[in-house]
Amino acid sequence: MGIEIERKFLPCSDAWRAAAHRVVPMAQGYLNDLAQVESGAMQASVRVRIEGDAAFLNIKSREAGPRRQEFDYPIPVEDARALLALCVGGLVEKNRHYVEHAGRLWEVDEFLGANAGLVVAEVELEAVDAPLAKPDWAGVEATHAQRYYNLALAARPYSQWREDERRALDLQETATCS
């Protein structure tokens, strides 16, 4: 069984761009929706992702926060395209930028389409309490804010957020970035 321990942050500047060493376009969708997972009708999200020239079927347990069970299986790209056509909610499109900082790989997702304007940085850790040297450009932590999860963005994209939802964490971000 795979375990993912991941923390999410809202970048407070574009300084990460200069440090990015690779960019991969991604398109993903979900075979179940947020309501099914939130209600407990389903205990996991089921995602299909095309990532550059590769494709994956991914199953993630429904726990909120940094630690979840995760299963990731490579599948043929043609199968992924067919499965994306069966997905519920919207397609989540993004460019993932890979950035090294203090011995850790950060993935900075720059969203496109209905989620354009949103940027979220993620870092995987070996333990929930693992020490983390946060780069200067990583602003407020959004790990526990479900609306930043990709499953939530497929159901209700950033373009549909109210102004107060967009500002809620941004206001905290100002205090954490210099």
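Our subject is the structure that appears above.
This write-up is about the structure you can find in this document. The structure displayed is predicted, hence computed values, not measured ones.

What to know about the environment of G89
Along the chain, the position of G89 falls in strand β6 (residues 88-101). Assessed through its relative accessible area of 61%, G89 is described here as exposed. Measuring from C-alpha to C-alpha, the distance between G89 and E78 comes to 20 Å, with 11 residues separating the pair along the chain.

Some points on unusual backbone geometry
Its identity as a non-glycine residue notwithstanding, A102 has a phi of 50°, on the positive side. By the secondary structure assignment, A102 is in the loop between β6 and β7 (104-111). Judged by its relative accessible area of 57%, A102 is exposed.

What about the side chain of E122?
For E122, the location among the structural elements is in strand β8 (residues 119-124). In this structure the side chain of E122 is engaged in a polar contact, spanning 2.6 Å, whose partner is the side chain of K8.

Rules and cut-offs
- Residues numbered from 1 in each chain as written.
- Predicted model: local features only at pLDDT ≥ 70, side-chain atom pairs only at ≥ 80, totals over all residues.
- Heavy atoms only, no water.
- Helix = DSSP H or I, 4+ residues; strand = E, 2+ residues; numbered from the N terminus.
- Buried < 20%, exposed > 50% of the residue type's maximum accessible area, 1.4 Å probe, protein only.
- Polar contact = N/O pair within 3.5 Å; in protein donor to acceptor, adjacent residues only side chain to side chain.

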